[in-house]
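# Chain and residue survey
As a plain string of letters, each chain reads:
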Amino acid sequence: MTSIDGPGESMVARAILDAGDHLLSADPPIELLHMRAGGGADDPIAVAPIARIARLARRLGISVSRKVRVADDEGDLDLWVQARPETGQIRLSVSGWRDRPAWRPVATPPDHAAMGADFRWETDAALRLTFLSREAGTRYGFDPDALLGRPLNALFAFDPATGDANELMRAAAPLDGRCARLRPTDAPVRLSAAIRHDGMGGIAGLTGATFLIDQPGEGEGDTPSPIHQPPLTESFTAGLDRALRTPLARIVANADSIAARADGPIAADYAEYAGDIAHAGRHLLGLVDNLVELQAIEQPDFRLAATPIDLADVARRAAGLLAVRADAAGVTIRRPVMAEGMSAVGDFGRSLQILINLIGNALRYSPHGGEVVVSVAREDDWAMVRVTDHGKGIAPEDQPRIFEKFERVDPSEPGGNGLGLYIARRLARAMGGDLTVESEPGQGATFTLGLRAR
Amino acid sequence: MARMRAAARRQGAVADLRLDDDSRLTDRIRFEVAARLNALVETTAADLLHQAERLRAEDDGERDPVAPPSPAKAIARMRRAGLLHAPDLVAELVAQVRQQLLAEALPIESMAGDAPSLLVRLIEAPDRIVAASARAVLAAEGRARMVEADGEVIALPGAVRRNLVWTVAAALRQGDDAGLDRALAQAAERVLAAHGESESPGAAVLRLAEAIDARPAELPALLLESLSDRQLGLFIALLAHATGIEHDELRDIVLEPEGDRLWLVLRSLDLGRTAVARIGLALSDADGRRDVDGFADALDAIMAIPAADARRAIATLGLPRAFREAMARLDEGASR
């Protein structure tokens, strides 16, 4: 089912339709969609939403661009379709070949995510300011009206080491937590911003928030120095567990049944909202689980069972448990062969938990059609399991950070709450082992769980 | 009491069901309009009370003045009297909210690639009047974003504002306290004077459209770019300036989902097929109530209308609103 290579997200597939909407020529992905929708070689294009756009473009005599959702074997695809009429024919270009994005814990932050921001701003695609909170100027010493239309760096001075404002646009999460200085007063600030997209998925500008940093100097460090906080108390997490788990489970169950239209037909929009609610609820349930766990493993005397286990067997089981998810993501998992064994000392359940986390992450970051390799090896006194993906990799400076609590390399990525790797490493160390990462940006990442060999 | 409540609910249900889908407000519009209405009345009441208190403090001949009711009480009083939802005020707020929602839903297309957006380019125009008006539009937009917090920034036509201020002042009366009445009357005059006529809805974009004073050849590109930049207000103002139709009337024409009057307006300016098709498509994409297929079917017929005929057909729209309303009332009276 996943043998057909899904074209990459940035790929544009093209096709030409004649006056009767028949495919004169088509790139394979479009032809495939047409065939999957039941269309034969001599039929008009069978993908209804695309046919509709083509007909509209023909009748209006202008280009029509729309986002459509079409069913694919592996799920739904969100496609950007542009139909351009030209001498009786319609030229189609279709981009965005990827599955529907999962629910994102960090939504585009116009108003709500900028909570606590000292002031807000927006720019157009050329990074010219088009909006500044009205109260901002009087409080922070500049004239907001005079700055409208000016470049973003007329308001903020960016550290030249981190690149100028134009480069920020190209980053996946521009300006997330980046430090700068407010030009008029030279006050240090922290900026966060999200990209606004236009109708074809292009960049239309930035929506941003500014947080003033109180003490000068704090802006120099990447993160505020960690103040030693008491670990979560047992009564707190127990309360959290009680207070949240039951209502969340109920929300998820109800939202799921609404999304499935179990009680009768409802508008597609509402079914979709309900699906989003269920997604979000499951995300929060996962967070509750992790917080409860955090409470246990953060105790100074936390130790785990040291029993003989077969790490290769644990790896195979973890990979097997994630086979369905891998299939849905169009990713193949290569796991140790049955004959292979790797004796180690540790806790079976916790090792399985670590590997599920690692393989799950690898799947999340793997491109469609990619491969995740799980292998075992013995090095001196250590039994190692390696989980390798070919995703976008992790920059060296981010590598220590991913093992911190609530740290994520890219907070705009869907899924995850920034606790998984922290917990996984704590568990590995509690078994007398360790969890490490090797990665080059663009080359994927390899996570290695090492336990004492037996 | 309970019987009255039940009866009111029944009546509400019947009235609600009787509405056809076309005239029903969406929940979003209801919410936004109600929020603005509350913000407006609260801000107006607070302003009046503030002014009235100052006036009464100056006029210290009075002993032990009775405290006027709170803004919340004033809202409740207006609601009971059926004055909270004054038709003109509600119609204006609904139009403002519809315009905002339609603008937010317009498909953005960066027509100029990486170049700055339309208003930013206008700010940099060599014509200082154009530049200053464009800056004023961006600034006014920024202010309008703050409406949730502040009723002060909601622009209203003068007549609607006058009616609102006097109604709120009446709702703030306390028995027959002549001193309070006098103070409220003066306070209302002050509040009205502070608002002036300059801040009616669309004032800033209209000044910009006047400053640009687009030639017929420039108009189609400006109209299209204002839409693709989500500057629906500027789109309306450009059309109002080009046709001489009043802003509020033209806003209604742009907002109505049928679109037929808009097509006539566009034809009266002799816009070409591509421009009309693009405008129709953008508005259809932004407003689910519009029928894009119906528009595509009608496009040939729309383009077949000669510009002169279209101008004749909308000629009365260019007359002052009061005149047209009087004509309509006369027609209604005659046919009764």
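Residues numbered from 1 in each chain as written. Chains lettered and ligands numbered in written order. Predicted model: local features only at pLDDT ≥ 70, side-chain atom pairs only at ≥ 80, totals over all residues.

### Focus on the overall build of chain A
What counts here: In this text, helices come from DSSP runs of H or I with a minimum length of four residues, and strands from runs of E with a minimum of two, each type numbered from the N-terminal end. By definition, residue pairs are in contact when their C-beta atoms, positioned from the backbone, come within 7 Å.
A count of helical and extended segments in chain A gives eleven helices and 18 strands. For chain A, the share of sequence-separated contacts (at least 6 apart) that also reach a separation of at least 24 residues comes to 60%.

### Regarding the overall build of chain B
For clarity, the cut-off: Three exposure classes are used. Buried residues have 20 or more other C-beta atoms within 10 Å of their own C-beta, exposed residues have 12 or fewer, and partly exposed residues fall in between, all C-beta atoms being placed from the backbone.
Looking only at helices and strands, chain B has 17 helices and zero strands in total. A total of 336 residues make up chain B; the buried ones form 36% of that total.

### As for helix α17 (residues 321–335) of chain B
For clarity, the cut-off: To estimate how far a helix should extend, the number of its residues minus one is multiplied by 1.5 Å.
Here α17(B) contains 15 residues, and its C-alpha end-to-end distance of 21 Å stays within 8% of the 21 Å for a straight helix at 1.5 Å per residue. Across the 15 residues that make up α17(B), only a small minority, zero, are buried.

### Considering the packing of helix α6 (residues 128–144) of chain B against helix α9 (residues 203–212) of chain B
Residue and element names in this part refer to chain B. Condition: Axis geometry follows a simple rule: fit a line to the C-alpha atoms, using only the stretch in contact for helices, then measure angles between N-to-C directions, giving values from 0 to 180 degrees. Roughly parallel here means an angle under 35 degrees, roughly antiparallel means over 145, roughly perpendicular means 65 to 115, and every remaining angle is called oblique. Note: crossing handedness is left-handed where the near helix turns anticlockwise from the far helix by less than a right angle, and right-handed where it turns clockwise. Under the grouping applied here, Gly and all other residues not named as nonpolar or charged are polar, the nonpolar ones being Ala, Val, Leu, Ile, Met, Phe, Trp, Tyr, Cys and Pro and the charged ones Asp, Glu, Lys and Arg.
The N-to-C vectors of α6 and α9 enclose an angle of 160 degrees; their axes lie 8 Å apart at closest approach. What the angle tells us is that α6 and α9 run roughly antiparallel. Once α6 is placed against α9, the crossing between them reads as left-handed. The segment α6 lies against α9, with Ile129, Val130, Ser133, Ala134, Ala136, Val137 and Ala140 engaging Ala204, Val205, Arg207, Leu208, Ala211 and Ile212. Tallied by class, the residues present in the contact of α6 with α9 amount to eleven nonpolar, one polar and one charged.

### Comments concerning helix α13 (residues 260–268) of chain B
Three or more residues of α13(B) are buried, namely B:Leu262, B:Trp263, B:Val265, B:Leu266, B:Arg267 and B:Ser268. Close packing links the buried residues of α13(B) with α11 (232–243), α12 (247–255), α14 (273–286), α15 (292–303) and α16 (307–313) of chain B.

### What to know about the nonpolar core
Side chains of a nonpolar character, in soluble globular proteins, are inclined to be buried together. What counts is decided by this rule: Here a nonpolar core is just a set of buried residues of the types Ala, Val, Leu, Ile, Met, Phe, Trp, Tyr and Cys, joined wherever their C-beta atoms sit within 7 Å.
With 96 residues, the main nonpolar core has A:Ala54, A:Leu92, B:Val137, B:Leu208, B:Ala209, B:Ala237 and B:Leu238 as its most contacted residues. By residue number, the principal contributor to this core is α11(B), which donates nine residues. Not counting the four nearest positions on each side in its chain, B:Leu208 is found in contact with B:Ser133, B:Ala134, B:Val137, B:Leu234 and B:Ala237. One finds A:Val331, A:Ile394, A:Ala445 and A:Leu451 within the second-largest nonpolar core, a separate group that totals 43 residues.

### Notes on the interface of chain B and chain A
Listed per partner, the contact involves 26 residues of chain B and 21 residues of chain A. For the side of chain B that touches chain A, the secondary-structure elements that each account for two or more residues are α5 (118–123), α6, α14 and α15 of chain B. Classifying every residue of the side of chain B that touches chain A gives 15 nonpolar, four polar and seven charged.

### Topic: the pairing of strand β1 (residues 12–17) of chain A
The condition is simple: By the convention used here, strands pair only if DSSP detects at least 2 bridges between them.
With six bridges joining them, β1(A) and strand β5 (residues 89–95) of chain A adopt antiparallel strand pairing. If you follow A:Leu17 over to β5(A), its bridge partner there is A:Ile90.

### Some remarks on the packing of helix α7 (residues 158–171) of chain B against helix α8 (residues 178–195) of chain B
All names here are of chain B. Remark: α7 packs on α8, axes separated minimally by 10 Å, with the N-to-C direction vectors making an angle of 155 degrees. Compared by their axis directions, α7 and α8 come out roughly antiparallel. Considering only the axes of α7 and α8, their crossing is right-handed. Residues Arg161, Arg162, Val165, Trp166 and Ala169 of α7 form the contact with α8, whose own contacting residues are Leu184, Ala188, Val191, Leu192 and His195.

### Topic: the confidence of the model for chain B
Inclusion rule: Confidence of the predictor at the level of single residues is captured by pLDDT, which takes values from 0 to 100.
For chain B, per-residue confidence averages 87 on the pLDDT scale, and residues scoring 70 or more make up 94% of the total. Across the interface, the model reports ipTM at 0.77; the global pTM reads 0.63.

### Here's the deal with the environment of A:Leu132
Topologically, A:Leu132 is positioned in strand β7 (residues 129–132). A tally of 24 C-beta atoms within 10 Å means that A:Leu132 is categorised as buried. Taking the C-alpha atoms as reference, A:Leu132 lies 4.4 Å from A:Trp121; in sequence the two are eleven residues apart. The residues contacting A:Leu132, other than those within four sequence positions of it, are A:Phe119, A:Trp121, A:Gly137, A:Pro144, A:Leu147, A:Leu148 and B:Gly142.

### Observations concerning the environment of A:Ala430
Residue and element names in this part refer to chain A. You can see Ala430 is positioned in helix α11 (residues 420–430). Once the C-alpha coordinates of Ala430 and Ala306 are considered, the two residues, 124 residues apart in sequence, prove to be 9.7 Å apart. When neighbours within four sequence positions are excluded, Ala430 is seen to be in contact with Ile297, Phe302, Arg303 and Leu304.

### Notes on the pairing of strand β16 (residues 382–389) of chain A
Residues and elements named next belong to chain A. Burial within β16 is extensive, with six of its eight residues counted as buried. Summarising the sheet, strand β15 (residues 371–379) and β16 pair through seven bridges and their orientation is antiparallel. By the bridge assignment for β16, Val374 is matched with Val387. Where β15 hands over to β16, the hairpin turn is made up of two residues, of which Asp380 adopts a positive phi near 50 degrees. The pairing of β16 with strand β18 (residues 445–452) spans eight bridges and is classified as antiparallel. Residue Thr388 lies in a different strand from β18, and its bridge partner there is Thr446.

### Observations concerning the sheet that holds β18(A)
Residues and elements named next belong to chain A. With mixed pairing, five strands are arranged side by side in an open sheet as β13-β15-β16-β18-β17. Strand pairing shows two members of the sheet lacking a second neighbour, β13 (332–334) and β17 (434–439), which therefore form its edges. Averaged over all neighbouring strand pairs, the angle between strand axes comes to 15 degrees, with direction disregarded. Where helix α8 (residues 311–321) meets the sheet, it contacts β13, β15, β16 and β18, and its direction lies at approximately 170 degrees from that of β15. Of the strands in this sheet, β17 and β18 touch α11, which is tilted by about 130 degrees from β17.

### Focus on unusual backbone geometry
Residue and element names in this part refer to chain A. Within the chain, Asp21 stands out as a residue other than glycine whose phi angle is a positive 65 degrees. With respect to the element layout, Asp21 can be found in the loop between β1 and β2 (23–26). A residue is classified by how many C-beta atoms lie within 10 Å of it, and Asp21, with 16 of them, is partly exposed. Unusually for a residue other than glycine, Leu127 sits at a positive phi of about 60 degrees. With 21 C-beta atoms packed within 10 Å, Leu127 lands in the buried category.

### Some words on the confidence of the model for chain A
Residues shown with low pLDDT carry predicted positions that ought not to be read at fine detail. Residues and elements named next belong to chain A. Looking at chain A, the pLDDT average stands at 77 and 77% of residues meet or exceed 70. Scored below 50 in pLDDT, residues 101–113 shows 24 contacts in the model against residues more than four places distant or in partner chains. Low pLDDT, under 50, characterises residues 215–229; the stretch is placed with seven contacts to residues that sit more than four places away or in other chains.

### Re the environment of B:Ser133
Residue and element names in this part refer to chain B. On the secondary structure map, Ser133 appears in helix α6. Among the residues examined, Ser133 registers 22 C-beta atoms within 10 Å and is labelled buried. Separated by 14 residues in sequence, Ser133 and Leu119 have C-alpha atoms that sit 9.7 Å apart. Setting aside chain neighbours within four positions, we find Ser133 in contact with Arg207, Leu208 and Ala211.

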